[in-house]
Number of protein chains: 2
Amino acid sequence: MAPSVVAADTAPGHSSGLKKSGNVTSKVSSEGDEMLVLNTVRCLAADLCQQYKGGHPGTVMGAAAIGVALWRYEMKFNPANPDWFARDRFVLSAGHACLLQYLMLHFSGYEAWTMDVIKQYHAPNLHGSMAAGHPEIEYPGVEVTTGPLGQGIANAVGLAAAGKQLAAQYNKDEFPVVDGKIWCFTGDGCLQEGVGQEAISMAGHWGLDNLIMIYDNNAVTVDGNIDACFTDDTSAKLKAVGWHVIEVEDGSNDLAAILKALDEAKTLKGKPVLVNIRTIIGFGSANQNSGPVHGAALGADDVEHVKKQLGFKPDEHFVIPPKVYDYFAEVKTEGAKLEAEWNDMMSKYKETYPTEAAELQRRMEGKLVDGWAATIPTKDKLPKDPIPTRKASGIMVQTLVPNDASFVAGSADLMESTFVNFKGQTEFQNPKLGNGDYSGRQIRYGIREFAMVAVGNGLAAYQKGMFIPIMSTFFMFWLYAAPAARMSALQKLRFIGIATHDAIGIGEDGPTHQPIALPSFYRALPNMNFIRPADAEEVAGAWLLALEDEDHPSLFALSRQPVPLLPGTDRTKIPLGAYIVQGSEDETPDLTLVASGAEVARAIETAILLPDYKVRVVSMPSQKHFDEQPSSYRRSVLPSNRSLVVAIEAWGAYGWARYAHAGCHMSTFGLSAPQAQLYENFGFSPKNMAEKIVAWAKPLRQKDGWDIPGVGEFEELLHNATEHHAG
Amino acid sequence: MAPSVVAADTAPGHSSGLKKSGNVTSKVSSEGDEMLVLNTVRCLAADLCQQYKGGHPGTVMGAAAIGVALWRYEMKFNPANPDWFARDRFVLSAGHACLLQYLMLHFSGYEAWTMDVIKQYHAPNLHGSMAAGHPEIEYPGVEVTTGPLGQGIANAVGLAAAGKQLAAQYNKDEFPVVDGKIWCFTGDGCLQEGVGQEAISMAGHWGLDNLIMIYDNNAVTVDGNIDACFTDDTSAKLKAVGWHVIEVEDGSNDLAAILKALDEAKTLKGKPVLVNIRTIIGFGSANQNSGPVHGAALGADDVEHVKKQLGFKPDEHFVIPPKVYDYFAEVKTEGAKLEAEWNDMMSKYKETYPTEAAELQRRMEGKLVDGWAATIPTKDKLPKDPIPTRKASGIMVQTLVPNDASFVAGSADLMESTFVNFKGQTEFQNPKLGNGDYSGRQIRYGIREFAMVAVGNGLAAYQKGMFIPIMSTFFMFWLYAAPAARMSALQKLRFIGIATHDAIGIGEDGPTHQPIALPSFYRALPNMNFIRPADAEEVAGAWLLALEDEDHPSLFALSRQPVPLLPGTDRTKIPLGAYIVQGSEDETPDLTLVASGAEVARAIETAILLPDYKVRVVSMPSQKHFDEQPSSYRRSVLPSNRSLVVAIEAWGAYGWARYAHAGCHMSTFGLSAPQAQLYENFGFSPKNMAEKIVAWAKPLRQKDGWDIPGVGEFEELLHNATEHHAG
């Protein structure tokens, strides 16, 4: 099926079913107008990409009818108030097709999205523009930042899970206060990406019937025909994982068929819905249905061709006939009406269900339950005996999570090992499966780390601060999730990440499970609070920091093995990034040992073995927060101009040269053996470290003080491991 | 279907069909013996985990019959020569079930796998052992290191693709010199992981009928019943992506049914085969079919229970009745026979097809075509005009790849942008789809970056040096692939990774596509050659380094935008990691500017704007290789004790404090704008950088030289970006 460009006989018809739809009104527009609208969008896409010779015109031209169906007829929103809580939410997983979204936002009446703004797409510009190359969450009508393929599907699953949960928690028979749909627009790419498949499997498992995914099935990728790399039967595949599937044959021409399919999709219950729509990429172009129209401007000649084909003047650009605005005129009034109706319902809801309404209001404002901080046990109430920091984190979970519906705590199949399960839990679960329902706040993400965090981004993006996803797996598998955690940081979406078994302490599982380089990524990642607490007290501090910081995700690296509660640790100092846990600021130490996590206790043991030196021990739970302190503070903690500073950490040395002259680190991948043996084997026994440090210090010690090494002078901070020691 | 433990009436039968199978012989063992073998394996698993109170007994006990079917009857191998080229290859994607593999290797007659060695599983041990917590490639009978779930499936797909390619290139009608099957053992976890799904889609697309994947369908995960998180209809899902599917109802008892299914699987053509086998995890345990038996020792009482259930003495441990060895006795002789037959065929093949045989021999020895290095254009033959380094890399691809069948060059749907396509290419493709066949060395991996690299690990693991996978995508999406690249480094599997559009130079695609933190991961990763060439000459050097290093993967970060060919660059100095491109070693510079990639040219332009200083410019394509040089060389290039060293790189500053006192770096995420504007906007214009450097230098300059800053003294190497600047 490869129709030529629009001709009268294939012009879009109109479905009376439309009356039932979101923003649709009794007004029926003519076929001619609809054709004009579609072709205007196509010509604008061609002009906008040609203007600065770049961008992605093809999908916009091919899927124009899908965009019109969504914004003109199907979706519930109020252009005058993009943040209206009860709106439908739209995710453009195929982020490169952003022009389709920008143009629809413009025609729907979002004031910020003027044509002048949209014309900045790919424009020379010093500070970026709203019309970015991929949609950015900061701007009206954009729910999440997309671009890295596949993640948008998972974000949509998270938004749908959020909607289901709120509905289960707050809706009452006569008060459907939360009933918005989640619409996801995907191309072939997102369906090939594993994270998309993980999220699709999750959505089918959960039976999220408020999720409608539209597959812009244009069968063309950057490299050409999709058959070269992708021959899945997507409809059958999604049926096999619990989705309803509706197919539309001619999605570039047949607006009526699209509307019929989307109307039906809204009524289907018990499963998410895939609407598989066959489109012609670059519709109207001389190269329609081929690779070249995907990711490059069409070229002046082809733009002329498009204009002629679609009945526009070849030499006129950015033409928008008034009828196009007329066609969308009622979207704005209808949207305002819908919000007003909802506001009326909410005021009645507040009267009838004041408690639920108050809690919903609190969460809509992104506030935690009053007095939450005071519920965290003080240091004297923490276990005296050594416990793993992952278990200490579990104490915080047990304290905070049961009392505040804002928290959803889950794991990628390591619930018990990561201590994110909590008392009185109900599982977030497909009610049909029993053992839970949508009100549940304990989420079993399955063995899908990447989708877990991308779904978490959807939860966090539903409404700022309304959901705080707590997500957990072994630290090593936060590498699987890293592309999603990066998107959390880019969008400043808060999550609390629990990364347990964080080093060689995982022991017998061996080198495949022992991170060496991964911390460098999370430490270098902008906007990420990466914290490695030394004991239960610092774990408390990490939780306090994460919950007081609304704008950044936090990831806690936690030990598998027990660590003692250290006398010198202080939760209030976590925001400083590093502080003295043994020794005093008043005296200048000969040696400063700086460590993190489980190695802080070892640093203290090591100090005891260095009686000939004044030794200070510093805990550095967060390099980032330390870097944010004034240099006077940093110098007072790490006097690297007067004291020999030695770093101790069971990860690679990369990045430590900023803080220390030398260090004890992992210089290879790990091994499979019990953790105690591994610490010994890789040189982290206090005795071994004390001997090394003396060997470094002796030649540097002068009568009049220290011959302090300069930048990069010390071999011990060579970062690279070059061999995996196979026993 | 939940059968109780083995009873006479459910004891394994025996299929006469076995005669046709891999290692099977005319000898028919009795049912009693087979039951005894299965129960011996189960009791050993229980004992081995109980011994040191750790490990994964459940899958071994549940899938014992699958292991016996594979090693005793189905697979082709020679225990006396684990590296026999024509063997079948087995991948334990569910790596935690390693005891199953270790025990089968022992019973099959692999000398290295004594029971004493296997008893070291989880044993206190200073240097790791062969019986690691997950299978490690260094040891006999292990084809790839597995453990991180999902990747084993992709490794198996790579091994199968390798086998198909070699068969297409070298087999002749009467000489099936390459005809081994690839067997993959997977659990629920690998099927939930996105990388597994990506690889499954690829294998179905390619129609790899030499791949047989066995799904140990025990319906239980660490966290309990699989229904809590995973309700895919896996059989239907795989049918939808082009797989044959065979199901076995009772995989814990019915060995005959397993053998029948595997026999059939070997005969099916045109598609990969899933054998979906329902098993009872922890078969024989009081807790069989539940979470607790998955990842922990059973406990002394349950071990006793197991022994009683399976007819062993509760108080005896590690019992192996002689009949068990008898049962496997012929595997060794049969394996030797099969290799001898193949050797005979090979000698005839050498006579009949000397050319093919010689090339196959060369590749089996992991050698490149003689004189390959000399074919790389010398500097004077490289383009004089500025070109992107990605395009320069394309010159090397065009030079090397067509002439050596060892290379397979592919991309995750960015073939044109990454310049890995080469002249005279044939696509590696399912012949049924046309447009290529299995002999093709141009691979379209689809939009599946993670699976691309995990499949590449399978190609590289087929036989050391036989395949050199060249794999490409934008640098940002090497974050999707990072968990597989880490496994390449851990296993020392060589690939050549092409990471283009490596910084803000990608421009309009915006912050979602602009890496800031990612380089820190690859620089900190042991065994990885991460190289960022400054121009076409350094690109040549990067390729030379990568191809001369058989034991490490290499990743090249390459520019989207054109860069000039710099007079001072020298391919022979890439192995030094950093070297002087402007200025001389003889004079001590006032200022040393150290840069990488596209920023080296900017550093040179900046130097010109600093006439009041003696300025040296250093190119640092590889921090790792620089760190491996003697301190005398490092000091001679970066005299940070006598010269102010300033780093210039359009990534985050993390890690640079080891080399420089200050730097010009990205301190936030990027923006969507043309690349030239972004370099300007983020402070990388030579004018702006020169002004900054003068401002830093002035106060430090003394009559008698420099007041050199100490470790961590300079604000300009604060690594953390804290805000995403939204326009």
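The structure presented is a predicted model; accordingly, all values stated were derived computationally and were not measured.

J.: Would you take a moment to explain the interface of chain A and chain B for this structure?
T.: Quoted interface sizes are often the accessible area lost when the parts come together. In this complex, chain A contributes 126 residues to the contact, which on the side of chain B involves 127 residues. Buried surface at the junction of chain A and chain B, both sides included, amounts to about 10,900 Å², of which 56% is carbon and sulfur. If you look at where chain A meets chain B, you find 0 salt bridges. On inspection of chain A and its partner chain B, the count reaches 35 residue pairs in polar contact (both at pLDDT 80 or more). Per-element tally for the side of chain A that touches chain B: the top contributor is helix α17 (residues 482–491) of chain A, with 6 residues. Partitioning the side of chain A that touches chain B into residue classes produces 51 nonpolar, 46 polar and 29 charged.

J.: Where do I start with the sheet that holds strand β11 (residues 468–474) of chain A in this structure?
T.: Hydrogen bonds along the backbone pair up the strands of a sheet, which may run parallel or antiparallel. All names here are of chain A. One open sheet accounts for 6 strands, arranged β10-β9-β11-β12-β14-β13; its pairing is parallel. The open sheet has two edge strands with one neighbour each: β10 (442–444) and β13 (529–531). Each adjacent strand pair in this sheet contributes to an overall mean axis angle of 20°, direction not counted. As paired strands, β11 and strand β12 (residues 496–500) are joined by 5 bridges and run parallel to one another. For Ile470, the partnering residue across the bridge sits in β12 and is Ile496.

J.: Please clarify how the environment of Asn253 of chain A should be interpreted in this entry.
T.: All names here are of chain A. Residue placement: Asn253 occurs in the loop between β6 (244–248) and α10 (255–267). The buried category is assigned to Asn253, whose relative accessible area is 1%. Taking the C-alpha atoms as reference points, Asn253 and Ser290, 37 residues apart in sequence, are found 18 Å from one another. At 2.9 Å, the side chain of Asn253 forms a polar contact with the side chain of Asp250.

J.: Help me understand the side chain of Asn527 of chain B in this model?
T.: Mapping Asn527 of chain B onto the fold places it in the loop between α18 (518–524) and β13 (529–531). Only 2.7 Å separates the side chain of Asn527 of chain B from the backbone oxygen of Ala489 of chain B, close enough to count as a polar contact.

J.: Explanation requested: the environment of Val581 of chain A in the structure shown.
T.: All names here are of chain A. With respect to the helices, strands and loops of the structure, Val581 is situated in strand β16 (residues 579–582). Taking the relative accessible area as the measure of exposure, Val581 reaches 10% and is therefore buried. Separated by 118 residues in sequence, Val581 and Pro699 have C-alpha atoms that sit 27 Å apart.

J.: So what exactly am I meant to see when it comes to the UniProt feature "active site" (unreviewed entry) in chain A here?
T.: Feature annotation in UniProt places "active site" (unreviewed entry) on Glu449 of chain A, given in this structure's numbering. Looking at the secondary structure, you find Glu449 of chain A in helix α16 (residues 449–461).

J.: Can you help me understand the UniProt feature "binding site: substrate" (unreviewed entry) in chain A in this one?
T.: Under the feature "binding site: substrate" (unreviewed entry), the UniProt entry names His56, His294, Arg390, Ser417, His501, Asp509, His513 and Arg560 of chain A. Their sequence span is 505 residues, while the largest C-alpha to C-alpha distance among them is 48.2 Å; these annotated residues do not converge on one region. For His294 of chain A, the position within the fold is in the loop between β7 (273–278) and α11 (300–309). The class for His294 of chain A is buried, based on a relative accessible area of 9%. Of note, Asp509 of chain A is situated in the loop between β12 and α18 (518–524). Look at Asp509 of chain A and you get buried, because its relative accessible area is 17%. Those residues in contact with Asp509 of chain A, other than ones at most four positions away along the chain, are Phe474 of chain A together with His56, Gly133 and His134 of chain B.

J.: What should I look at first to understand the confidence of the model for chain A in this one?
T.: Close inspection of predicted coordinates is inappropriate in any region flagged by low pLDDT. Residues at a pLDDT of 70 or more form 94% of chain A, whose mean pLDDT is 92. Reported confidence for the predicted complex is 0.95 by ipTM and 0.95 by pTM.

J.: Please explain the relation of the copies chain A and chain B as it appears in this structure.
T.: Here the two chain copies are tied together by a rotation about an axis and a shift along that axis. Superposition of chain A onto chain B requires a rotation of 180° combined with a translation of 0.0 Å along the rotation axis, giving an RMSD of 0.0 Å. Considering both components of the superposition, the chain copies are consistent with a two-fold axis. Distance from the rotation axis, computed per C-alpha, reaches its smallest value in chain A at Gly194 of chain A: 1.8 Å. Here 100% of the interface residues in chain A have copies in chain B that are interface residues too; the copies meet face to matching face.

J.: Mind showing me how you'd approach helix α8 (residues 194–206) of chain A here?
T.: In an α-helix, one turn spans 3.6 residues; hence positions three or four apart end up facing the same way. Residue and element names in this part refer to chain A. In this model α8 runs 18 Å from its N-terminal to its C-terminal C-alpha over 13 residues, within 8% of the 18 Å that 1.5 Å per residue would give. Within α8, 13 of the 13 residues are buried, leaving the element largely enclosed by the surrounding structure. Downstream of α8 by one or two residues, Gly207 has phi in the positive range, about 65°.

J.: Help me understand the pattern of salt bridges, please; the structure alone is not making it clear to me.
T.: Two side chains of opposite charge can pair, provided their charged atoms sit close to one another. In the structure shown here, the tally under the stated rule is 51 salt bridges over all chains. The partner of Arg532 of chain A in a salt bridge is Glu599 of chain A, and the shortest N-O contact between them spans 2.6 Å. One end of the pair, Arg532 of chain A, is in the loop between β13 and α19 (536–548); the other, Glu599 of chain A, is in helix α20 (residues 599–608), and 67 residues separate them in sequence. A salt bridge links Asp47 of chain B to Lys307 of chain B; its shortest N-O distance comes to 2.9 Å. Highlighted residues: Asp47 of chain B in helix α1 (residues 31–51) and Lys307 of chain B in helix α11 (residues 300–309), separated in sequence by 260 residues. We note that Asp47 of chain B, like Lys307 of chain B, is buried. One connected set of salt bridges, linked through shared partners, spans Glu334, Lys337 and Glu341 of chain A.

J.: What should I look at first to understand the domain arrangement of chain A in this one?
T.: Annotation of chain A at the domain level lists domain 1 (15–337), domain 2 (372–557) and domain 3 (571–726). Its C-alpha centre places domain 1 of chain A at a distance of 53 Å from the equivalent point of domain 3 of chain A.

J.: So what exactly am I meant to see when it comes to the sheet that holds β16 of chain A here?
T.: Residue and element names in this part refer to chain A. Within the open sheet, the 5 strands sit side by side as β16-β18-β17-β19-β20. Their pairing is mixed. The open sheet terminates on both sides in strands that have one partner only, identified here as β16 and β20 (662–664). Across the sheet, the axes of successive neighbouring strands diverge by a mean angle of 30°, strand direction being ignored. Pairing between β16 and strand β18 (residues 615–619): 3 bridges, direction antiparallel. What sits directly across from Ile580, in β18, is Val618. The strands touched by helix α24 (residues 686–697) are β17 (591–595), β19 (644–648) and β20; relative to β20, the strand with the most contacts, the crossing angle is about 165°.

Rules of the game
Residues numbered from 1 in each chain as written. Chains lettered and ligands numbered in written order. Predicted model: local features only at pLDDT ≥ 70, side-chain atom pairs only at ≥ 80, totals over all residues. Heavy atoms only, no water. Contact = heavy atoms within 4.5 Å. Buried area = accessible area lost by both parts, 1.4 Å probe. Salt bridge = Lys/Arg side-chain N within 4 Å of Asp/Glu carboxyl O. Polar contact = N/O pair within 3.5 Å; in protein donor to acceptor, adjacent residues only side chain to side chain. Helix = DSSP H or I, 4+ residues; strand = E, 2+ residues; numbered from the N terminus. Nonpolar A, V, L, I, M, F, W, Y, C, P; charged D, E, K, R; others polar. Pairing = 2+ DSSP bridges. Axes fitted to C-alpha atoms, helices over the stretch in contact; angles between N-to-C directions. Buried < 20%, exposed > 50% of the residue type's maximum accessible area, 1.4 Å probe, protein only. UniProt positions renumbered as here; feature names shortened; annotations may be inferred. pLDDT = per-residue confidence, 0-100. Least-squares fit on C-alpha atoms with pLDDT ≥ 70 in both. Expected span 1.5 Å × (residues − 1). Domains from an automatic or database assignment.

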